[in-house]
Amino acid sequence: MHYLTLIFLWPIYLVQAIWVKKTTVKLPEPSGERANASCLTPQLSLLIIGDSAAAGVGVNHQQQALAGNMVKRLSADYQLNWQLVAQSGYSTQNCLNQVKHLLRQNRLPQADAIVISLGVNDVLSPISAKTWVQQLSELCALITAELGSTQIIITNVPPMDRFPALPQPFRWFLGARCREFNLALSNWVTTSSLPCEQLNMEQTLADAPMAIDGFHPSEVIYAHWGQQASEMIKAKV
């Protein structure tokens, strides 16, 4: 249904997309450590990969971001080694290319659990949900084979129809795209032989405030996200 609106509303969507890109506050990635491999015999190795949300955009320091929240919770119970590989603007294909590059350089350690945050930049691109899932599948197959991962947590694409930075009707259109992508993700996860799980925070985190740019997670969202992902890992370890 939402693609039918392109016939009549594509000029509006295009103008609004350009307006959002020009007017949205550009927040930097937070400061702080992105890796800690101090344990010689870790009980748990964690890798977080993805886009600006994985990188922690929206808060000032990594301790307030996804990585910091997960490290705090998991370190209380396990000897933990962890690494963050994320960058603002990353699409799934960008992330896949970067992971391949780091693997060729032997710069990615073995990881028991991996948390993935990708999809927003793919929703904003012309690619289809089918192509997105194919790219995710290739990424997950690669990290399972190369890093020995036994658990991959894929975070749902956030509901972009709730992003304050986006005007209507562009916001509605992107929200519909997100639901399409998440449905494709659910269908793939339920049939895949890879050790993938889906993390959906939409029901457990309703009406949470966002960062000042109206586009990225706030400290409240990162804390909840870190808690949910950590609990999923603890349930498996």
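Remember, predicted model here, so these are calculated numbers, not experimental data. (Residues numbered from 1 in each chain as written. Predicted model: local features only at pLDDT ≥ 70, side-chain atom pairs only at ≥ 80, totals over all residues. Heavy atoms only, no water.)

Enquirer: A description of the pairing of strand β5 (residues 151-155) should follow, citing residues and the corresponding values.
Expert: Most of β5 sits out of view: 5 of its 5 residues are buried. The two faces of β5 match: Gln-151, Ile-153 and Thr-155 on one face and Ile-152 and Ile-154 on the other face are all buried. With 4 bridges joining them, β5 and strand β6 (residues 196-199) adopt parallel strand pairing. Paired with Ile-153 across the two strands is Glu-197, which belongs to β6. Crossover β5 to β6 through helix α7 (residues 170-191) is right-handed. (Buried < 20%, exposed > 50% of the residue type's maximum accessible area, 1.4 Å probe, protein only. Helix = DSSP H or I, 4+ residues; strand = E, 2+ residues; numbered from the N terminus. Pairing = 2+ DSSP bridges. Right-handed = clockwise from strand over helix to strand, strands pointing away.)

Enquirer: How would you summarise the nonpolar core if you had to cite specific residues and measurements?
Expert: One recurring pattern in soluble globular proteins is that nonpolar side chains are buried together. Core analysis: the largest hydrophobic core is formed by 44 residues, its most contacted members being Ile-49, Ile-116, Leu-139, Ile-143, Ile-154 and Met-160. Of all the secondary-structure elements, those providing two or more residues to this core are α1 (6-23), β2 (44-50), α4 (92-104), β4 (113-117), α5 (120-123), α6 (129-147), β5 and α7. Here this core gets 9 residues from one element, more than from any other, and that element is α7. In this structure Ile-143 touches Ile-49, Val-99, Ile-114, Ile-116, Gly-148, Ser-149 and Ile-152, once residues within four positions along its chain are discounted. Counting 30 residues, the second-largest nonpolar core is a separate cluster that includes Ala-53, Val-59, Leu-66 and Ile-221. (Core = buried A, V, L, I, M, F, W, Y, C linked by side-chain atoms within 4.5 Å. Contact = heavy atoms within 4.5 Å.)

Enquirer: Help me get a handle on the sheet that holds β5, residues and values and all.
Expert: The 6 strands lie next to each other as β1-β3-β2-β4-β5-β6, forming an open sheet whose pairing is mixed. In this open sheet, the two strands that pair with only one neighbour each are β1 (35-36) and β6. When β1 meets strand β3 (residues 80-86), the two strands line up antiparallel, connected through 2 bridges. Bridge assignment links Asn-36 to a residue of β3, and that residue is Trp-82. Set on the sheet, α6 makes contact with β2, β4, β5 and β6; between it and β4 the angle comes to about 160°. (Axes fitted to C-alpha atoms, helices over the stretch in contact; angles between N-to-C directions.)

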